[in-house]
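Okay, here's what each chain looks like letter by letter:
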Amino acid sequence: AVAYLLEKSGDTNGALELTINALSKQLKELREMLKSAPYARSSTKIDLQFLNSFEKGKTTIRSLSAIIGLCQRSGTSKLDPRAELMWFLALDCLVKAKSDSAKSPA
């Protein structure tokens with residue numbers, strides 16, 4: 001709700017930062033949950049259907065969708081530097097989460 005209000009008041013950077021911070025925390029919590037039994041899986045690939053079976057998974061997917069929507073609404077053209085920066089910040093968050101996941105012990 002706070003991110004929505006920030007975006008509506010014109011502070012899209014603040015909305016994005018808030019949502020990315022929430023997503024980063026959710027991804028960390030989700031990763032820890034999935035490591036523990038009975039959720040441990042032999043495969044490293046997890047699909048959306050599997051994630052949707054957990055509340056933390058649903059919350060993480062909603063946050064990711066919110067970030068994508070915010071980035072899509074942020075610029076009027078693909079050449080808008082502000083929109084480009086927002087997309088790169090979102091991508092950076094996901095790459096960092098992937099990197100952290102690869103570094104963490106199984």
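Quick note: structure is the one above.
Computed from a predicted structure; not experimentally measured.

Caption draft 1: Molecular detail of the environment of Leu48. By secondary structure assignment, the location of Leu48 is in helix α3 (residues 48-51). Exposure remark for Leu48: the relative accessible area of 55% places this residue in the exposed category. Taking C-alpha positions, Leu48 is 8.9 Å from Lys58, a pair spaced 10 residues apart along the chain.

Caption draft 2: Spatial organisation of the side chain of Thr12. Summarising the element assignment, Thr12 is placed in helix α2 (residues 12-35). Among the residues examined, Thr12 registers a relative accessible area of 11% and is labelled buried. Non-local contacts of Thr12, meaning those with residues more than four positions away in its chain, are made with Leu6, Glu7, Leu70, Arg82 and Met86.

Caption draft 3: Layout of the packing of α2 against helix α5 (residues 81-103). Between α2 and α5, the shortest axis-to-axis distance is 10 Å and the interhelical angle comes to 15 degrees. The angle between α2 and α5 falls in the class roughly parallel. The chirality of how α2 crosses α5 is right-handed. Seen from α2, the contacting residues are Thr12, Asn13, Leu16, Ile20, Leu23, Ser24, Leu27 and Arg31; seen from α5, they are Arg82, Met86, Leu89, Ala90, Cys93, Leu94, Ala97, Asp100 and Ser101. Residue composition of the contact of α2 with α5, grouped by class: 10 nonpolar, 4 polar and 3 charged.

Rules used throughout
Residues numbered from 1 in each chain as written. Predicted model: local features only at pLDDT ≥ 70, side-chain atom pairs only at ≥ 80, totals over all residues. Heavy atoms only, no water. Helix = DSSP H or I, 4+ residues; strand = E, 2+ residues; numbered from the N terminus. Buried < 20%, exposed > 50% of the residue type's maximum accessible area, 1.4 Å probe, protein only. Contact = heavy atoms within 4.5 Å. Axes fitted to C-alpha atoms, helices over the stretch in contact; angles between N-to-C directions. Parallel < 35°, antiparallel > 145°, perpendicular 65-115°, else oblique. Left-handed = near helix turned anticlockwise from the far one by under 90°. Nonpolar A, V, L, I, M, F, W, Y, C, P; charged D, E, K, R; others polar.

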